[in-house]
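These are the residues of each chain, in order.
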Amino acid sequence: MIDTKTNLCDQCPYDFAVCKPEHIEFGDGVGNDNVIVCSSYPYEKEGER
């Protein structure tokens, strides 16, 4: 299950300003602009998206 309040960008090593993922989904956290799914995020295990 995906936590819709988290923001993957807070823990991601990439620079948000230049990151261009192919797929991105936003959650319902503060500002409704938190990233909850991102194709560029370095997931540790397959299936964590």
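Note that this is a predicted model, so its numbers are computed, not measured.

A. Expanded view of the overall build of the protein. The number of helices and strands found in the protein is 0 helices and 2 strands. Classification of the 49 residues of the protein by burial places 22% in the buried group. Nonlocal contacts in the protein, meaning residues at least 24 apart in sequence, comprise 47% of its contacts between residues at least 6 apart. Accessible surface, the protein: about 3900 Å² in total, of which carbon and sulfur atoms supply 49%.

B. Quick peek at the packing of aromatic side chains. In this structure the tally under the stated criterion is 1 aromatic pair. Between tyrosine 41 and tyrosine 43, the aromatic rings sit 5.0 Å apart at their centres with planes inclined by 70°, giving edge-to-face as the arrangement. Classification of tyrosine 43 as buried rests on a relative accessible area of 16%.

C. Expanded view of the environment of glutamate 25. Structurally, glutamate 25 can be placed in strand β1 (residues 24-26). Residues glutamate 25 and serine 39 lie 14 residues apart in sequence; the distance between their C-alpha atoms is 9.4 Å. Apart from residues no more than four positions distant in its own chain, glutamate 25 is found in contact with Asn34, Val35, Ile36 and Val37. There is a polar contact of 2.9 Å between the side chain of glutamate 25 and the side chain of histidine 23.

D. View of the state of the cysteines. With the rule as written, the count across this model stands at 0 disulfides. No disulfide involves cysteine 9; its nearest neighbouring cysteine sulfur is the one of cysteine 38, lying 6.4 Å away. Looking at cysteine 12, it has no disulfide partner, and the nearest cysteine sulfur is the one in cysteine 19, 5.9 Å off. For cysteine 12, a relative accessible area of 19% corresponds to the buried category.

E. Molecular detail of unusual backbone geometry. Positioned with a positive phi, asparagine 32 is a non-glycine residue whose angle comes to about 55°. Topologically, asparagine 32 is positioned in the loop between β1 and β2 (35-38). When its relative accessible area of 52% is taken as the criterion, asparagine 32 is described as exposed.

So, how was this worked out
Residues numbered from 1 in each chain as written. Predicted model: local features only at pLDDT ≥ 70, side-chain atom pairs only at ≥ 80, totals over all residues. Heavy atoms only, no water. Helix = DSSP H or I, 4+ residues; strand = E, 2+ residues; numbered from the N terminus. Buried < 20%, exposed > 50% of the residue type's maximum accessible area, 1.4 Å probe, protein only. Contact = heavy atoms within 4.5 Å. Areas by Shrake-Rupley, 256 points an atom, 1.4 Å probe, with all protein chains shown as cover. Phe/Tyr/Trp six-rings, centres within 6.5 Å; stacked < 30°, edge-to-face > 60°. Polar contact = N/O pair within 3.5 Å; in protein donor to acceptor, adjacent residues only side chain to side chain. Disulfide = S-S within 2.5 Å.

Honestly, that's just the spatial picture; any functional story needs more than this.
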